[in-house]
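Overview (structure and organization)
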Amino acid sequence: MASIADYYAGKNVLITGATGFMGKVLVEKLLRSCPEVRTLYLLVRPKAGQSMQERVSDMMKCKLFDRVREDNPDFHQKIVPISSELTQPALAISPEDVERLTSCVNIIFHCAATIRFDEPLKHALQLNVIATQQLLSLAQQMHHLQAFIHISTAYANCNRRHIDEIIYPPPVEPKNLLSAPELRRPNTYTYTKALAECVVQRESSKLSIGIIRPSIVGASWQEPFPGWIDNFNGPSGVFIAAGKGILRTMRANNDAVADLIPVDVVINLTLAAGWYTAVHRPKAALVYNCTTGGINPFHWGEIEHHVMSSFKRNPLEQAFRRPNANITSNYLMNQYWVLVSHKFPALIYDLYLRLSGQKPQMMRIFNRLHKAIGLLEYFSSQDWEWNSENMNMLMSQLSPEDRKTFNFDVRQLNWPEYIENYCIGTKKYVLNEDMSDIPAARQHLRKLRNIRYTFNTLLLVFIWRVFIARSQMARNIWYFVVSLCFKFLSYFRASSTLTN
Ligand SMILES: CCCCC/C=C\C/C=C\CCCCCCCC(=O)SCCNC(=O)CCNC(=O)[C@H](O)C(C)(C)COP(=O)(O)OP(=O)(O)OC[C@H]1O[C@@H](n2cnc3c(N)ncnc32)[C@H](O)[C@@H]1OP(=O)(O)O
Ligand SMILES: NC(=O)C1=CN([C@@H]2O[C@H](COP(=O)(O)OP(=O)(O)OC[C@H]3O[C@@H](n4cnc5c(N)ncnc54)[C@H](OP(=O)(O)O)[C@@H]3O)[C@@H](O)[C@H]2O)C=CC1
């Protein structure tokens, strides 16, 4: 049987969401590991004053593409941007482009989606469900299409504890979408992704379909280099907020599995699934749960420990406080720490900013942080069990060479090392901080520690002045404690003299 790279040789590939986090990694890996691929058609929209061509050429300049650039400086010739706004009728693709795509595309990877948890339902439906339906219609007009790979999420069915690699009945009949009375999901994202799966499945008699369900996609593990990440989504924003010393407490279950999956693992599995779907043409859509929890589990408590120690070794610049975040599943305890370690320091700092003639900002930052972590807590406070038989089946179908080139065997993942690279990745690629500034960042943390010691000493003196100096009983307790300390000291001194 042809290897994965042999299969993609000479193929025309259509990708949606190529400017996003996972799309970029998919484009890079295809170009690097399948160098004979013919053309990548990227459905892209103009955005923020940039044309689609400008956006794609900016994307290709990004460090992620360094290795591809080294191997083939002309790699951009394989990329053809196609103007498309997925929320518009017929995806707003021009008739000429439709003609071009339908005559040559061999495989589609549908990555585009809104992944915001607070997206208004109407927009989430428009993009995640209706655009998927429209793309499927376009796919059916394609004369040489061999596979349609849809990227879903492992949390599409998060209303269940055990999740098999099957499509479950939709939360609502897609035809009756807008009149649905309630979501039965924690957010519009998981709700619309569940609906999209049903829409995709309904076309599986006409197309060869694969559905990939990644869990929480994190920084790259190995490829194209360890720790690549370019956004604040999922845990990345939480890690950064903790590393900056802003986030001190969050509701999460220490013992729940943190089902993080590196982005390069997801992309390797996606490309392998594309190959398998095209070559074997399975009769029903195959679903691949792409998760780590059942294979190589790691828990939120362990993540907290490794994130904190990593940021102590490699501190972020200009931290607000020394990194020290703790997770707790206790609601009241979390509320207490929110008050003491988020709101109180924010108030004091904003007061300082006001007094020094600057605009207060810390309270605003904390309000946004609380909104974001409030939306994530659902996923960090419980755990799920995903069946991963199809992932194992796919692995067994690969040649030993492909298993190395398109590695998605997460049994080999060393979590502490991965988390270290992830944290360094947030520093280098999300915050664009220089590693050579680490000594200055450490110096800043020492300064913060000294400020804390000074603050605590002043607080103690204040308490002493207010309570001890004014009350006879407090004074008596104070003298009792001090004399007890002296007695202990003289006891230890005497016993050490005797033993000498
Ligand atoms: C150290 C202890 C660690 C212990 C770890 C414990 C828990 C781990 C935490 C989380 C795990 C759960 C993850 C579950 C993922 C489920 C799996 C999926 O399917 S993945 C899809 C995931 N989707 C997301 O993650 C999107 C979530 N984001 C949103 O919905 C929105 O961004 C928002 C949080 C509602 C905020 O919306 P708002 O309109 O207020 O802001 P913007 O989005 O416009 O962003 C403005 C600005 O802020 C930056 N930003 C965004 N998110 C964060 C963040 N979490 N932290 C910090 N900053 C953030 C964003 O980049 C923008 O910046 P700029 O203006 O410069 O562009
Ligand atoms: N990140 C994660 O942790 C997980 C992601 N997934 C799934 O993986 C897929 C990719 O996610 P990810 O890369 O993280 O998401 P991103 O938000 O990084 O990327 C989304 C992509 O969709 C494109 N897009 C959004 N709206 C439109 C539109 N109206 N018209 C054209 N293109 C549009 C964006 O283009 P533009 O740049 O123009 O905005 C972007 O390229 C999604 O299907 C998601 O559900 C699944 C599990 C976890």
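What you see is a predicted model, and the numbers here were worked out from it, not measured in a lab.

Around ligand 2, the structure places 26 residues, and the nearest of them are Thr19, Arg45, Arg55, Glu85 and Tyr189. Backbone polar atom of Gly17 to an oxygen atom of ligand 2: 3.3 Å apart, as the coordinates give it. In this structure, Met22 approaches ligand 2 through a main-chain N or O atom, which is 2.9 Å from an oxygen atom. Taken by itself ligand 2 offers 890 Å² of open surface, and the protein chains cover 89% of this. The set of elements that each furnish at least two residues to the shell around ligand 2 consists of helix H2 (21-33) and helix H7 (188-201). Among the residues forming the shell around ligand 2, the class breakdown is 13 nonpolar, eight polar and five charged.

With that settled, the discussion passes to the sheet that holds strand E1 (residues 12-16). Taken together, seven strands build an open sheet; the order of strands is E3-E2-E1-E4-E5-E7-E11 and the sheet is parallel. Here the strands that pair on one side only, and so sit at the sheet edges, are strand E3 (79-83) and strand E11 (286-290). Pairwise comparison of adjacent strand axes, ignoring direction, gives a mean angle of 20° for this sheet. Across four bridges, E1 lies against strand E4 (residues 107-110) in parallel orientation. Each bridged residue has a counterpart across the sheet, and for Leu14 the counterpart in E4 is Ile108.

This brings us to the nonpolar core. One finds Tyr8, Val27 and Leu42 to be the most contacted residues of the largest nonpolar core, which totals 107 residues. Excluding residues that lie within four positions of it along the chain, Val27 makes contacts with Ile15, Ala18, Leu40, Leu42, Met59, Phe65 and Ile79. One finds Val80, Leu125, Leu207 and Ile211 within the second-largest nonpolar core, a separate group that totals 36 residues.

Note on interface size: it is often stated as the accessible area lost on association of the parts. We note that the domain assignment places domain 1 (4-225 + 258-296 + 384-407) and domain 2 (439-499) within the protein. For domain 1 versus domain 2, the distance between C-alpha centres works out to 60 Å.

A separate point is the pairing of E1. E1 sits mainly inside the fold: five of its five residues count as buried. Burial of E1 is two-sided: the residues Asn12, Leu14 and Thr16 facing one way and the residues Val13 and Ile15 facing the other way are all buried. Relative to strand E2 (residues 39-44), E1 runs parallel, the two being bridged by five bridges. Looking across to E2, one finds that Leu14 is bridged to Tyr41. Following the chain from E1 across H2 to the adjacent parallel E2, one finds a crossover that is right-handed.

The rules behind these values
- Residues numbered from 1 in each chain as written.
- Chains lettered and ligands numbered in written order.
- Predicted model: local features only at pLDDT ≥ 70, side-chain atom pairs only at ≥ 80, totals over all residues.
- Heavy atoms only, no water.
- Near = heavy atom within 4 Å.
- Polar contact = N/O pair within 3.5 Å; in protein donor to acceptor, adjacent residues only side chain to side chain.
- Areas by Shrake-Rupley, 256 points an atom, 1.4 Å probe, with all protein chains shown as cover.
- Helix = DSSP H or I, 4+ residues; strand = E, 2+ residues; numbered from the N terminus.
- Nonpolar A, V, L, I, M, F, W, Y, C, P; charged D, E, K, R; others polar.
- Pairing = 2+ DSSP bridges.
- Axes fitted to C-alpha atoms, helices over the stretch in contact; angles between N-to-C directions.
- Core = buried A, V, L, I, M, F, W, Y, C linked by side-chain atoms within 4.5 Å.
- Buried < 20%, exposed > 50% of the residue type's maximum accessible area, 1.4 Å probe, protein only.
- Contact = heavy atoms within 4.5 Å.
- Domains from an automatic or database assignment.
- Right-handed = clockwise from strand over helix to strand, strands pointing away.

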